[in-house]
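One letter stands for each residue in the lines below.
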Amino acid sequence: VGHCHPDIVKAAHEQNQLLNTNSRYLHDNLVDYAERLSKTLPEKLCIFYFLNSGSEANDLALRLARQYTKREDVIVLDHAYHGHLTSLIDISPYKFRNLEGQKEWVHVAPVPDTYRGVYREDHEDSVTAYANEVKIIIEQAQEKGRKIAAFFVESLPSVGGQIIPPPGYFQKVAEHVHKAGGVFIADEIQVGFGRVGRHFWAFQLQGEDFIPDIVTMGKPIGNGHPIACVATTKEIAEAFAATGVEYFNTFGGNPVSCAIGLAVLDVIEKEHLQAHAMEIGNFLMKLLKEQKTKHPIIGDVR
């Protein structure tokens, strides 16, 4: 929402003057913020965990998926990056290819890129073709006795090239993943909070009928302040709690972080930043596409 936005600075300062404490102590800001976030998401995503970074959020999402499914294996897209913790380097082809390589529990699917990918714009049904690649991976894993816990994907692959997955791709993939007993995790850390313009969350570009099982948030959530969040369903949260080992994060969801989170949502709403993103985005795309028609060297604009 902008560097040192006065509303964010004010919210942080005022809450700092009143109280900041670790999150073993109850505070209204936590509940108020979870309630506000829930209004931006589909109804079934109603349980929230607060953390300090996107990497923490994705690591927790992985734990939730594994506890719920009682499985280990994860499917990711090629070139993906999901964070800097060991667990996330393992599911980030962008990183692990330069480090220790691919673990046996990790499976890499092609990016649904209709410009430069395996199936392109001239393909009769690229959506089904890309989703079938995931289905094949699941079948091959099952033949080896492995079971899929999750399909882990950025709603709009960013490090992979700002790829916008063709509408319907997530629905078809989710069908294959759910059939195999896994869950669908949407990483919104770089692309959430109205940045895609038309919707508040990038996964909504796929259509209203698509709802992930777990959504992770970070980066823009606190306008530079370290706060992150995982949203999931009651079923997944209950399976996670059933271990008897509570999830605790010392400063995740502290009063100052939540005050800042609430202020960010206020600014996005008050300054119509989602509409602004769409308007300016469309304006830029129009001009850049005009350049594309002039210069053959420009192949695609995203």
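This text gives an overview of the structure that appears in the document. On a predicted model such as this, the values are computed, not experimentally measured, just so you know. (Residues numbered from 1 in each chain as written. Predicted model: local features only at pLDDT ≥ 70, side-chain atom pairs only at ≥ 80, totals over all residues. Heavy atoms only, no water.)

### Concerning the packing of helix H2 (residues 28–38) against helix H9 (residues 255–270)
Alright, step 1. Packing of H2 against H9 brings their axes to within 9 Å, and their N-to-C directions diverge by 35°. In terms of crossing hand, the pair formed by H2 and H9 is left-handed. The segment H2 lies against H9, with Asn29, Leu30, Asp32, Tyr33, Arg36 and Leu37 engaging Pro255, Cys258, Ala259, Gly261, Leu262, Leu265, Asp266 and Glu269.
Alright, step 2. Considering only residue class, the contact of H2 with H9 consists of eight nonpolar, two polar and four charged. (Axes fitted to C-alpha atoms, helices over the stretch in contact; angles between N-to-C directions. Helix = DSSP H or I, 4+ residues; strand = E, 2+ residues; numbered from the N terminus. Left-handed = near helix turned anticlockwise from the far one by under 90°. Contact = heavy atoms within 4.5 Å. Nonpolar A, V, L, I, M, F, W, Y, C, P; charged D, E, K, R; others polar.)

### Quick notes on the environment of Glu104
Alright, step 1. By the secondary structure assignment, Glu104 is in the loop between helix H5 (93–96) and strand E3 (106–109).
Alright, step 2. Overall, the relative accessible area of 60% leaves Glu104 in the exposed class.
Alright, step 3. Along the backbone, Glu104 and Arg146 are 42 residues apart, and their C-alpha atoms lie at a distance of 9.4 Å.
Alright, step 4. Setting aside residues no more than four positions away along its own chain, Glu104 makes contact with Asp73 and Arg146. (Buried < 20%, exposed > 50% of the residue type's maximum accessible area, 1.4 Å probe, protein only.)

### Considerations on helix H1 (residues 6–18)
Alright, step 1. Taking 1.5 Å per residue as the helical rise, H1 with its 13 residues ought to reach 18 Å, and the 18 Å between its terminal C-alpha atoms agrees with that figure.
Alright, step 2. When H1 is considered as a whole, its buried residues turn out to be Ile8, Ala11, Ala12 and Gln15. Seen along its axis, H1 keeps its buried residues to an arc of 95°; they face one direction. Seen from the open side of H1, the exposed residues pointing more than 90 degrees away from its buried face are Pro6 and Gln17.
Alright, step 3. If you follow the buried residues of H1, they end up packed against H2 and H9. (Expected span 1.5 Å × (residues − 1). Arc of directions from axis to C-beta.)

### Regarding the packing of helix H3 (residues 54–69) against helix H8 (residues 234–241)
Alright, step 1. Remark: H3 packs on H8, axes separated minimally by 8 Å, with the N-to-C direction vectors making an angle of 85°. Classified by the interaxial angle, the pair formed by H3 and H8 is roughly perpendicular. Of H8, the residues touching H3 (which contributes Leu60, Arg63, Leu64, Gln67 and Tyr68) are Glu235, Ile236, Ala239 and Phe240.
Alright, step 2. For the contact of H3 with H8, the residue count by class is six nonpolar, one polar and two charged. (Parallel < 35°, antiparallel > 145°, perpendicular 65-115°, else oblique.)

### Concerning the pattern of salt bridges
Alright, step 1. Tallied over the entire structure, the rule returns 14 salt bridges.
Alright, step 2. A salt bridge links Lys103 to Glu100, with the nearest nitrogen and oxygen atoms 3.7 Å apart.
Alright, step 3. Since its relative accessible area comes to 27%, Lys103 is described here as partly exposed.
Alright, step 4. Taking relative accessible area as the criterion, Glu100 reaches 72% and is therefore assigned exposed.
Alright, step 5. Residue Arg302 is joined to Asp300 by a salt bridge in which the shortest nitrogen-to-oxygen separation is 2.6 Å.
Alright, step 6. By relative accessible area, Asp300 is classed as partly exposed at 29%.
Alright, step 7. Connected through salt bridges with shared partners, the residues Glu72, Asp73, Glu104 and Arg146 form a single ionic network. (Salt bridge = Lys/Arg side-chain N within 4 Å of Asp/Glu carboxyl O.)

### With respect to a nonpolar patch on the surface
Alright, step 1. Judged by side-chain polarity, Ile280, Phe283, Leu284, Leu287 and Leu288 come together as a nonpolar surface patch covering roughly 430 Å² of accessible area.
Alright, step 2. In this fold, Leu288 is placed in helix H10 (residues 273–294). (Patch = residues over 30% accessible without salt bridge, like charges linked within 9 Å, V, L, I, M, F, W, Y side chains within 5 Å. Areas by Shrake-Rupley, 256 points an atom, 1.4 Å probe, with all protein chains shown as cover.)

### Remarks on unusual backbone geometry
Alright, step 1. If you check the backbone angles, Lys70 has positive phi at about 60° while not being a glycine.
Alright, step 2. Secondary-structure assignment places Lys70 in the loop between H3 and strand E2 (73–77).
Alright, step 3. Backbone geometry places Phe193, a non-glycine residue, at a positive phi of 65°.
Alright, step 4. As for its placement among the helices and strands, Phe193 is situated in the loop between strand E5 (183–187) and strand E6 (214–217).

### Here we look at the sheet that holds strand E1 (residues 47–51)
Alright, step 1. Taken together, seven strands build an open sheet; the order of strands is E1-E7-E6-E5-E4-E2-E3 and the sheet is mixed. The open sheet terminates on both sides in strands that have one partner only, identified here as E1 and E3. Geometrically, the sheet is characterised by an average inter-axis angle of 20° between neighbouring strands, direction not taken into account.
Alright, step 2. The pairing of E5 with E6 spans three bridges and is classified as parallel. Each bridged residue has a counterpart across the sheet, and for Ile185 the counterpart in E6 is Ile214.
Alright, step 3. Its contacts with the sheet put helix H7 (residues 169–179) on E2, strand E4 (148–154) and E5, and the angle it makes with E5 is roughly 140°. (Pairing = 2+ DSSP bridges.)

### Some remarks on the side chain of Gln15
Alright, step 1. Note that Gln15 resides in helix H1.
Alright, step 2. By relative accessible area, Gln15 is classed as buried at 8%.
Alright, step 3. Discounting residues that sit within four places of it in the chain, Gln15 has contacts with Asn20, His27, Asn29, Pro255, Val256 and Ala259.

### Description of the layout of surface pockets
Alright, step 1. What the largest pocket holds in volume is close to 1,300 Å³.
Alright, step 2. If you go around the largest pocket, you meet 44 residues; those closest to its centre are Leu156, Ile164, Arg195, Val196 and Arg302.
Alright, step 3. If you list the elements that add at least two residues to the lining of the largest pocket, you get H9 and H10.
Alright, step 4. With twelve residues, the single largest contributor to the lining of the largest pocket is H10.
Alright, step 5. Across the lining of the largest pocket, the residue classes tally to 24 nonpolar, eleven polar and nine charged.
Alright, step 6. Approximately 400 Å³ is the volume found for the second largest pocket.
Alright, step 7. As for the second largest pocket, its lining consists of 14 residues, and the residues nearest its centre are Ser23, Leu30, Phe48, Phe50 and Gly252.
Alright, step 8. Looking at the lining of the second largest pocket, the elements that each hand over two or more residues are H2 and E1.
Alright, step 9. Residues that form the lining of the second largest pocket fall into these classes: nine nonpolar, three polar and two charged. (1 Å grid on protein atoms, 1.4 Å probe; cavity = no way out; pocket = protein on both sides within 12 Å on 5 of 7 lines; lining within 4 Å. Points joined across faces, edges and corners; volume = space filled by probe spheres on them.)

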